[in-house]
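Fold and contact review
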Amino acid sequence: MTAIRGAAAITGAASGIGRALAIELAERGCDLALADRDEAGLKSLAAEIGTQRKISVHRVDVGEPTEIAQFARESVAAHPALNILVNNAGVALMGTFEEIDQAQMDWLFDINFWGVVHGTRAFLPHLKTRSEAHIVNLSSIFGIIAPPGQSAYAAAKFAVRGFSESVRHELAAAGSPVKLSVVHPGGVATSIARASRTGVGVTDNARRAQMIDRFEAAAKTTPKEAALRIIRGIEKNEPRILIGNDARFMDILQRFRPGTYWAPLQRRIEKMAKGT
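Residues numbered from 1 in each chain as written. Predicted model: local features only at pLDDT ≥ 70, side-chain atom pairs only at ≥ 80, totals over all residues. Heavy atoms only, no water.

Right, let's get into the pairing of strand β1 (residues 7–11). Counting buried positions over the five residues of β1 gives five, a clear majority of the element. Burial of β1 is two-sided: the residues A7, A9 and T11 facing one way and the residues A8 and I10 facing the other way are all buried. When β1 meets strand β2 (residues 31–36), the two strands line up parallel, connected through five bridges. The residue of β2 that forms the bridge with A7 is D31. (Buried < 20%, exposed > 50% of the residue type's maximum accessible area, 1.4 Å probe, protein only. Helix = DSSP H or I, 4+ residues; strand = E, 2+ residues; numbered from the N terminus. Pairing = 2+ DSSP bridges.)

Along the chain, H58 turns up in strand β3 (residues 55–59). Engagement of the side chain of H58 in a polar contact is seen with the side chain of S56, the distance being 2.8 Å. Within polar-contact distance, the side chain of H58 engages the side chain of E74 at 3.1 Å. Not counting residues up to four positions away in its chain, the partners in contact with H58 are A33, L34, A35, D36, L42, F71, E74 and S75. (Polar contact = N/O pair within 3.5 Å; in protein donor to acceptor, adjacent residues only side chain to side chain. Contact = heavy atoms within 4.5 Å.)

What follows is about the packing of aromatic side chains. If you walk through the whole model with that rule in mind, you get five aromatic pairs. Aromatic side chains F71 and F123 sit 5.4 Å apart centroid to centroid with 70° between the ring planes, which places their arrangement in the edge-to-face category. One end of the pair, F71, is in helix α3 (residues 65–78); the other, F123, is in helix α5 (residues 114–127), and 52 residues separate them in sequence. In terms of burial, F71 and F123 fall into one category: buried. (Phe/Tyr/Trp six-rings, centres within 6.5 Å; stacked < 30°, edge-to-face > 60°.)

Moving on, we get to the pattern of salt bridges. If you walk through the whole model with that rule in mind, you get nine salt bridges. Among the ionic pairs, R229 bridges to E238, the shortest N-O distance being 2.8 Å. Pair check on accessibility: R229 and E238 agree, each one buried. One connected set of salt bridges, linked through shared partners, spans R240, D251 and R255. (Salt bridge = Lys/Arg side-chain N within 4 Å of Asp/Glu carboxyl O.)

This is the structure in structure tokens:
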């Protein structure tokens, strides 16, 4: 069991799951180092939590390794007892592989994959000095299944999963006090779809709108519910944290039909879109 105490560093903390996690961890006694590009959102969050906990806010672009390294140094200086790291920040990119260019794919990987790697590397030396510590890396249900139109996102989230599982096994083999969980949320009601970028080759705005509407219709889990599930996973040292009934269903489907899961899943999605 990992106790929720000390302090937590959270990237992508200004909204969505990151924001909900900050609030829930603060209520459980954690001090917080909060990172995001959205400084106004960070200040709003800090004001909402109030003075019950020590909070430091940091404007960080996780696509920039030097900014992550600085975030780690400043966080440890402000919170010497820091023992939880949540690599949560992420972005989305809509379009088929042929509709997105290499620069767009690099942009997404810099944030969704390399941001996790650089965050883990920057904080791990300090976390290893704690009697117990925990790293939480956000993958996605798209780190388990890979739908069409999500080639870049799925590739990065599969990479997060593989990286996290390998590092977890390395830490365990070394007898490290650091535990690691990889999180696979299904549809969570956040702004990630509306904030997504569109491939340079996508000219059909109606298709983008339809994709956003489908995501929001399927996003049944609230950020608070996701945060509570992650906290429970930390406390129980769960290596894999699935969030939502949809994620659990898709995980099971992929296990039974690893090469052919998409056809039945597409039929299910189309039925949901029609409200049947």
